[in-house]
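An overview of the molecular structure
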Amino acid sequence: MSAARKRVAVVGVGTMGSQAAWRLAARGAEVVGYDRFAPGHDRSAAGGETRIFRSAHFEDSRYVPLLKHADALYEQLQQETGRELRRLTGCLLMGPTEHHQMATVLQSIAEHGLDHEVLDAEALAKRFPQYRIEDGDAAVLDRRAGFIRPELTIQTAARRAEQLGAVIHRYTTVREIVPVANGVEIRTDTGSERFDTAVVTPGPWVNDLLPDLPWEVDIRRLVSAWFVPTTNAWFGEERPAFIRTAPTHCYGLPSPDGISVKLGLSQALHRPAGDPNELDRTVQPEELEIFSELIGRYLPDLHPDPTRLSVYMEGYTGSSRPLVGPLPGAENVVLLAGFSGHGFKLSPAFGDIAADLALDGTSSQPIDFISTVGRTEA
Ligand SMILES: Cc1cc2nc3c(=O)[nH]c(=O)nc-3n(C[C@H](O)[C@H](O)[C@H](O)COP(=O)(O)OP(=O)(O)OC[C@H]3O[C@@H](n4cnc5c(N)ncnc54)[C@H](O)[C@@H]3O)c2cc1C
């Protein structure tokens, strides 16, 4: 069957699903998307106005080629739609020189010739007075980095897919995905539909939808907190995003509105989400203590009382590497899950890879290290 005639379901039109729908529709597939809410909603892994984009990966330099692919597709989607989905304001990575994430970031930069600057304490204090670093810390400015607008990106990709012929069923929960001869059946509360292939991108609902998944995906509850600066230190000409690697991993983004700064924490500090349908969206005062500590130590120009708090969910694998590829026992189902807190920046690349796998059964992108094929440990 030719790619142009393939019928492909996209289950979950969130971060990855909206990109997959766009890439599939762009290649002429007949695409039908399903989401339990609507593209751009805030009850899952996306939301909160900003996500960091960066080129120099500190988890694993094997992501860099995928980041380059994502980078090109962000540009393409912006050009096709005329929307500003990202702004490249840079991303400042700070932390102990000896920490493995600093070593990986420098390895990414060296291996791939990435545009960057290394700043010593004096240069950092002069250029970015809003940050404090400690003895033995390094600071690296990744220049092809900045922030992405997550809600706008998801809605733009979904809308572009619809312009190219995709149909998206909003407020339609998929209950079951059933492999059938040469295809797959998608069951909802109102009926079932048959497809050649399904791309399954349910984010934090992955264990609900696929209870027999052979890998563990731990669903965590992530708090985003917004703080208002007490001085003008945050409002220089340059407003990079930042990541502090250790001793407490945290990150932050000056809001596009120029009024506040959003802070977030690492996986180890996130509580289990429990049932994704019953997410506790109330932040308890004790959950704020860590933010106050970080502000006191590294970001003293922020007022320690948050002006806004939001709660999201994300699925983490044991290795922090996502699960990308065929679902065992269901060769016509392509799974993308477990993005472990770092999927957004890569989402156009993952959408394109999903389209490769759904239409051709293979991808030319270097995905062996994240593939489901032959994978034993999550
Ligand atoms: C607070 C926070 C900050 C983050 N910061 C960054 C960052 O700075 N940079 C970065 O790169 N990454 C970041 N991430 C990670 C990134 O946002 C996620 O990896 C990514 O959004 C995951 O995408 P997804 O498609 O798997 O999930 P989602 O975007 O949640 O999409 C899943 C979709 O599936 C739908 N769905 C689920 N079950 C069903 C069903 N049965 N039927 C129909 N629809 C269904 C849901 O409604 C949802 O729309 C962050 C994550 C969080 C939570």
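All values reported here derive from a predicted model rather than from experimental measurement.

**A few points about the side chain of Gln19**
In this structure, Gln19 sits in helix α1 (residues 15-26). Sequence-distant contacts of Gln19, defined by excluding residues within four places in its chain, comprise Leu77, Thr153, Ala157, Ser347, Pro348 and Gly351.

**Looking at the site of the ligand**
The environment of the ligand is made up of 34 residues, and the closest members are Thr15, Asp35, Ser44, Ile52 and Glu314. Contacts to the ligand include Glu314, whose side-chain N or O atom sits 2.6 Å from an oxygen atom. Protein contact buries 98% of the 1000 Å² of open area that the ligand shows by itself. If you list the elements that add at least two residues to the shell around the ligand, you get α1, β3 (51-53), β14 (218-227) and β19 (308-316). Counting residues per element, the shell around the ligand draws most heavily on β19, which supplies 3 residues. Across the shell around the ligand, the residue classes break down as 16 nonpolar, 13 polar and 5 charged. Formed jointly, the shell around the ligand draws a minimum of three residues from each of two domains, domain 1 (3-47 + 150-213 + 319-370) and domain 2 (88-146 + 218-316).

**Observations concerning the UniProt feature "domain: FAD dependent oxidoreductase" (unreviewed entry) in the protein**
Within this numbering scheme, the UniProt entry marks residues 7-357 as carrying the feature "domain: FAD dependent oxidoreductase" (unreviewed entry). As a span, residues 7-357 carries 25% helix and 30% strand, and end to end its C-alpha atoms are 13 Å apart.

**Concerning the domain arrangement of the protein**
We note that the domain assignment places domain 1 (3-47 + 150-213 + 319-370) and domain 2 (88-146 + 218-316) within the protein. Here the C-alpha centre of domain 2 lies 30 Å away from the C-alpha centre of domain 1. Taking both partners together, domain 1 and domain 2 bury about 1200 Å²; carbon and sulfur atoms supply 48% of that area. Scanning the region where domain 1 abuts domain 2 turns up 0 salt bridges. Inspection of the domain 1/domain 2 interface yields 9 residue pairs in polar contact (both at pLDDT 80 or more). Each residue belonging to the side of domain 1 that touches domain 2 can be placed in one class, and the counts come to 6 nonpolar, 8 polar and 4 charged.

**A few points about the packing of helix α2 (residues 64-81) against helix α8 (residues 347-360)**
Contact geometry for α2 and α8: axes closest at 7 Å, N-to-C directions at 95°. By the criterion of interaxial angle, the relationship of α2 to α8 is roughly perpendicular. Contacts between α2 and α8 involve Leu66, His69, Ala70, Leu73 and Tyr74 from the first element and Ser347, Pro348, Ala349, Phe350, Asp352 and Ile353 from the second. Residues that form the contact of α2 with α8 fall into these classes: 8 nonpolar, 2 polar and 1 charged.

**Details of the pairing of strand β21 (residues 330-337)**
Within β21, 6 of the 8 residues are buried, which leaves the element mostly enclosed by the surrounding structure. In this structure, strand β13 (residues 197-200) lies alongside β21, joined through 3 bridges in parallel fashion. Its bridge partner being in β21, Ala198 is matched across the sheet by Val333. In this antiparallel pair of consecutive strands, strand β20 (residues 323-327) and β21, the connection spans 2 residues, and Gly329 shows a positive phi of 85°.

**Focus on the sheet that holds strand β12 (residues 191-195)**
An order of β10-β11-β12 is seen for the 3 strands of this open sheet, with the pairing classed as antiparallel. The sheet is open, and its two edges are formed by β10 (174-180) and β12, each paired on a single side. Neighbour-to-neighbour, the strand axes of this sheet turn through a mean angle of 20°, independent of strand direction. In this sheet, strand β11 (residues 183-188) lies alongside β10 in antiparallel orientation, the contact comprising 6 bridges. When the sheet's bridge partners are listed, Val178 is paired in β11 with Glu185.

Criteria and cut-off values
Residues numbered from 1 in each chain as written. Predicted model: local features only at pLDDT ≥ 70, side-chain atom pairs only at ≥ 80, totals over all residues. Heavy atoms only, no water. Helix = DSSP H or I, 4+ residues; strand = E, 2+ residues; numbered from the N terminus. Contact = heavy atoms within 4.5 Å. Near = heavy atom within 4 Å. Polar contact = N/O pair within 3.5 Å; in protein donor to acceptor, adjacent residues only side chain to side chain. Areas by Shrake-Rupley, 256 points an atom, 1.4 Å probe, with all protein chains shown as cover. Nonpolar A, V, L, I, M, F, W, Y, C, P; charged D, E, K, R; others polar. Domains from an automatic or database assignment. UniProt positions renumbered as here; feature names shortened; annotations may be inferred. Buried area = accessible area lost by both parts, 1.4 Å probe. Salt bridge = Lys/Arg side-chain N within 4 Å of Asp/Glu carboxyl O. Axes fitted to C-alpha atoms, helices over the stretch in contact; angles between N-to-C directions. Parallel < 35°, antiparallel > 145°, perpendicular 65-115°, else oblique. Buried < 20%, exposed > 50% of the residue type's maximum accessible area, 1.4 Å probe, protein only. Pairing = 2+ DSSP bridges.

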